[in-house]
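Structural features, examined
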Amino acid sequence: MAESDNIVVETAEKIFADLADPQTINNDKKGAWQAPLWQALSEVGLPLSWVPDELGGSGASLADGFALLNAAGRFAVAVPLAETMLAGWLLAQAKIASPEGEMTVLPASPKDRISLDADGSLSGRARGVPFAKAAKHFAVLAHGKDGVAIALVDASKARIESGLNVGYDHSDTVTLDKVQPVTLKPAPKGVDQTHLMLMGGVARSLQIAGALESMLDISVRYSNERVAFEKKISKFQAVQHNLARLAGESAAALAAATSAADAIANAKVFDDEVYLEAASAKIRCAEAAEKGGAIAHQVHGAIGFTIEHILHRYSLRALAWRDDFGSESHWAVELGKLVANRGADELWPLVASR
Amino acid sequence: MTAALRFDPIRLPEKCEQLRKEVRAFLAEEIAAGTFDPHKPNREDTDAPEFSRRVGAKGWLGMTWPKKYGGQERSFLERYVVTEEMRVANAPTRRFFVADRQSGPVLLKYAPEHIKMEILPRICRGEVCFAIGMSEPNSGSDLFAAKTRATKTDGGYLINGTKIWTSSAHIADYMIAIFRTSPPTKENRRHGLTQFLVKMKQPGIKVNPIGQITGQYEFNEVVFTDHFIPDDHVLGEVDGAWKQATSELAYERSGPERFLETYYVLTELVRAVGPNPDTRSAEGIGRLVAQLHTMRRMSVSVAGMLEAGKEPVVEASIVKDIGTVWEQQLPHRVRDLAAFVEETATNRETLERQLDFAIKTAPKLTIQGGTTEVLRGIIARGLGLR
Ligand SMILES: Cc1cc2nc3c(=O)[nH]c(=O)nc-3n(C[C@H](O)[C@H](O)[C@H](O)COP(=O)(O)OP(=O)(O)OC[C@H]3O[C@@H](n4cnc5c(N)ncnc54)[C@H](O)[C@@H]3O)c2cc1C
């Protein structure tokens, strides 16, 4: 594991190593691992990393939180850590205190809208909401007559239809029908649905990059163990070249995701340059998940296709995470429109601005 | 983790942005003065000696080298900005680029003092052109199969044999080449090659141009017949060039020139689709921009590693592999996306002319400077597979 000098990441990695070992989790079909892991993460305040002290959180920086999500990706942890962090972050934007327990955010897709009615109630449908089923509260971004609002909603007030994503994690449809929120406040200037989607997209990018790092790691290890035709398969040039390409995809994903995280963490305003970083990260990481995951499976042969093997914990989750907070197709269209709108001669200045 | 392939999100410091403005202003003046046409990558006049001198006069050659050799002692990141702005503008850099990127740093490391004092300041002034003599007819990827002999004689060496694919040899003043000084040993087949500084346009050197499928003449065959090289033109250790050659690679392989060679077609595509693209064009452009942005962030990161004194051989190979595969696909993707562009697009002709040239250029991109297969071998070694 890459040595980290970041205390937040170190703490998280220690908990993951103790309580989220992928093989142990994979063997535990009943999900008994979930509660102790969540409890350990909560005890040290990691789910509310992005919530300041005065609003009930642990007040870590955006940068530390992003690094934590990358570590979570390396373990492919399947508890609503990223979701609760995002929810806490969203609530904190409107100075709403975070409650204890699991949370998630609505909407989780750029196409869905939650609307705020004149009586202060919320209505609308959000699809593909990660871990909605497990959440006690939702952080909701809603559109009202006077602009964008942020609300804390009790999850029991919503109608939830269960769904599973490609990675076998909950991805649910949440319907709010004139639900009165626990708290409702106007969003500060600049925080809108696009901003939320890109923030979620960068969180997913870091998770995907982490999963790819692990896929590279276990694929290299496997190739050095598996013998075929009386040689380790790592000695075949075709296998070496496949792994070199996987290393490239993993490196590209990590570079795109960490660059976007760094851009957001240091941004004063969410301008075109930050948009370029965040959208690019989601697009490039999703592409890397597809290409890199395919290679990891190829190197593992049939064993990697079994439910007993841990590879799918990384490969399928990385594929599933592509869909949350806007797919790469969505962001590519949006980024393409932005570039076209700025005009040909402004393309290079935009790219070179970072 | 097996491999800590971390590309830290280096940001270019403020003084780079100031420099970028200066480079853009300079290039705009050159374009206005008719030195080159940024929309014409396939121009015939790629050798522009006067332009080289003006770039030198700006202090943009040998930027990172010590002042006593004419350098500016500036950072790799500043050099990076100059390189990318030149590339994006399609500036005619052929005459100075190899010397600035590669040959100068080799001389700095291995040449005797009087040669450094003689040549480096001239490189910085944009007066000299360098070529790289590595490949031979039966030795391309397998560099260590090189056969061209350097035989010891009074006060120097006599060279016999042939180098090939030598870019710019027809205009070069010097070449840095590897020649065989001893046979390989049983234990080390890489042993026995030595790096030399060759003065071109001398007796015993014949340069034969080789045409390329783009219609241009860029590389050559160079035939040596009893060509004499004095002893003080040996660079580094006799028989030990293999150790020296590898550290050169990080410089050669990670720069913006490794993903920007066909960039111009992307700009023209954006121009052709206009401000309100359909979904298909928008998505295609968005993906290409995301890929470009990511590679550039990786490339800047490697420049930061060089600045920090590291030798990021594996990281540089990754950037070159991904970058060249991308710039090779780019013209084909653009062709694809431009298929439904309105007949009336104002730059339609430019785009078509550019695509024609870029598509012809594309095949070489994953070969020059080390093939994809060779790079993946280096990456695999970095992963501990060999
Ligand atoms: C535009 C251009 C400019 C160039 N400029 C210069 C220059 O200035 N100076 C210079 O010295 N050279 C130059 N070269 C040469 C270039 O470095 C070589 O072409 C390159 O190293 C490949 O060598 P080759 O052409 O002999 O191909 P080969 O080595 O014969 O390779 C042919 C194919 O076999 C593959 N192959 C070879 N060995 C292996 C292996 N071990 N494993 C897997 N695959 C393998 C290669 O990857 C390639 O796909 C230039 C080339 C181009 C195209």
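Residues numbered from 1 in each chain as written. Chains lettered and ligands numbered in written order. Predicted model: local features only at pLDDT ≥ 70, side-chain atom pairs only at ≥ 80, totals over all residues. Heavy atoms only, no water.

Looking up chain B in an unreviewed UniProt entry gives the name Acyl-CoA dehydrogenase, with the organism given as Bradyrhizobium betae.

Labelled according to an unreviewed UniProt entry, chain A appears under the name Acyl-CoA dehydrogenase, originating from Bradyrhizobium betae. Recorded in UniProt for chain A, the comment headed Cofactor (unreviewed entry) runs: "FAD". The heading Sequence similarities (unreviewed entry) in the UniProt record of chain A holds the text "Belongs to the acyl-CoA dehydrogenase family." (UniProt positions renumbered as here; feature names shortened; annotations may be inferred.)

Points about the pattern of salt bridges
Working definition: two side chains of opposite charge can pair if their charged atoms are close together. All names here are of chain B. Inspection of every chain in the model, using the stated rule, returns 48 salt bridges over all chains. A salt bridge links Glu261 to Lys364, with the nearest nitrogen and oxygen atoms 2.8 Å apart. Here the residue Glu261 occupies a position in the loop between helix H6 (241-253) and helix H7 (264-273), and Lys364 occupies one in helix H10 (residues 348-365), the gap between them amounting to 103 residues. The exposure class of Glu261 is partly exposed, given its relative accessible area of 21%. Through salt bridges with shared partners, a single ionic network connects Glu17, Arg20, Arg24, Glu84, Glu85 and Arg296. (Salt bridge = Lys/Arg side-chain N within 4 Å of Asp/Glu carboxyl O. Helix = DSSP H or I, 4+ residues; strand = E, 2+ residues; numbered from the N terminus. Buried < 20%, exposed > 50% of the residue type's maximum accessible area, 1.4 Å probe, protein only.)

Thoughts on the nonpolar core
Proteins that are soluble and globular tend to have nonpolar side chains buried together. Core analysis: the biggest nonpolar cluster contains 177 residues, and Phe16, Phe138, Val140 and Leu335 of chain A together with Ile318 of chain B have the highest contact counts within it. No other element matches the 16 residues that helix H6 (residues 193-225) of chain A contributes to this core. Once residues lying within four places of it in the same chain are set aside, the contact partners of Ile318 of chain B are Ala247, Gly248 and Ala251 of chain A together with Leu5, Phe7, Met298 and Ile379 of chain B. Counting 19 residues, the second largest nonpolar core, distinct from the first, contains Ala150, Tyr157, Ala169 and Ile205 of chain B. (Core = buried A, V, L, I, M, F, W, Y, C linked by side-chain atoms within 4.5 Å. Contact = heavy atoms within 4.5 Å.)

A closer look at helix H7 (residues 237-265) of chain A
Its 29 residues give H7 of chain A an end-to-end C-alpha distance of 41 Å, which sits within 8% of 42 Å, the value for a rise of 1.5 Å per residue. Counting buried positions along H7 of chain A gives 24 out of 29 residues, so the element sits mostly inside the fold. (Expected span 1.5 Å × (residues − 1).)

Observations regarding the UniProt feature "domain: Acyl-CoA oxidase/dehydrogenase middle" (unreviewed entry) in chain B
As annotated in UniProt, the feature "domain: Acyl-CoA oxidase/dehydrogenase middle" (unreviewed entry) corresponds to residues 131-226 of chain B in the numbering used here. As annotated, residues 131-226 of chain B has a helix share of 0% and a strand share of 53%, and its two end C-alpha atoms lie 20 Å apart.

A closer look at the interface of chain A and chain B
Facing 54 residues of chain A, the contacting portion of chain B comprises 48 residues. Interface area for chain A against chain B, summed over the two sides, is near 4600 Å², with a carbon-plus-sulfur share of 64%. The interface formed by chain A and chain B includes five salt bridges. Residue Glu277 of chain A is joined to Arg11 of chain B by a salt bridge in which the shortest nitrogen-to-oxygen separation is 2.9 Å. Connecting chain A to chain B are 15 residue pairs in polar contact (both at pLDDT 80 or more). Listing elements by their share of the side of chain A that touches chain B, those giving two or more residues are helix H4 (62-74), H6, H7, helix H8 (272-300), helix H10 (328-342) and helix H11 (347-351) of chain A. (Buried area = accessible area lost by both parts, 1.4 Å probe. Polar contact = N/O pair within 3.5 Å; in protein donor to acceptor, adjacent residues only side chain to side chain.)

Some thoughts on a nonpolar patch on the surface
A cluster of nonpolar side chains, contributed by Leu164, Tyr168 and Ile307 of chain A, occupies part of the molecular surface with about 340 Å² of accessible area. Following the sequence through the fold, Ile307 of chain A ends up in the loop between H8 and helix H9 (311-321). (Patch = residues over 30% accessible without salt bridge, like charges linked within 9 Å, V, L, I, M, F, W, Y side chains within 5 Å. Areas by Shrake-Rupley, 256 points an atom, 1.4 Å probe, with all protein chains shown as cover.)

Notes on the site of the ligand
Lining the immediate surroundings of the ligand are 15 residues, of which Ile132, Ser135, Ser141, Trp165 and Thr371 of chain B lie closest. Looking at the residues close to the ligand, they fall on chains A and B. Its free accessible area being 960 Å², the ligand has 64% of it covered by the protein chains. Considering only residue class, the shell around the ligand consists of five nonpolar, eight polar and two charged. (Near = heavy atom within 4 Å. Nonpolar A, V, L, I, M, F, W, Y, C, P; charged D, E, K, R; others polar.)

So, the UniProt feature "domain: Acyl-CoA dehydrogenase/oxidase N-terminal" (unreviewed entry) in chain A
Cross-referencing UniProt, the feature "domain: Acyl-CoA dehydrogenase/oxidase N-terminal" (unreviewed entry) maps to residues 6-92 of chain A in the present numbering. The span residues 6-92 of chain A shows a helical share of 62% and a strand share of 0%, and its end C-alpha atoms are spaced 23 Å apart.

Some remarks on the UniProt feature "domain: Acyl-CoA dehydrogenase/oxidase C-terminal" (unreviewed entry) in chain A
Look at the UniProt record and you will see "domain: Acyl-CoA dehydrogenase/oxidase C-terminal" (unreviewed entry) annotated at residues 203-320 of chain A. Helix makes up 77% of residues 203-320 of chain A and strand 3%, with an end-to-end C-alpha separation of 13 Å.

Notes on the packing of aromatic side chains
Tallied over the full model, the rule gives 14 aromatic pairs over all chains. Relative to Phe75 of chain A, the ring of Phe16 of chain A lies with its centre 5.4 Å away and its plane at 45°, an arrangement referred to as tilted. With a gap of 59 residues between them, Phe16 of chain A in helix H1 (residues 7-19) and Phe75 of chain A in the loop between H4 and helix H5 (81-93) connect regions that are remote in the sequence. Taking relative accessible area as the criterion, Phe16 of chain A reaches 0% and is therefore assigned buried. When its relative accessible area of 12% is taken as the criterion, Phe75 of chain A is described as buried. Three or more aromatic residues joined by ring pairs make a cluster, and in this case those are Phe26, Phe36, Phe51, Trp60 and Phe96 of chain B. Here the guanidinium or amino end of Arg313 of chain A rests over the ring plane of Trp33 of chain A, the centre of that ring lying 6.0 Å away. Directly above the ring of Phe97 of chain B sits Arg87 of chain B, whose terminal nitrogen or CZ lies 4.4 Å from the centroid. (Phe/Tyr/Trp six-rings, centres within 6.5 Å; stacked < 30°, edge-to-face > 60°. Lys NZ or Arg CZ within 6 Å of the ring centre and 35° of its normal.)

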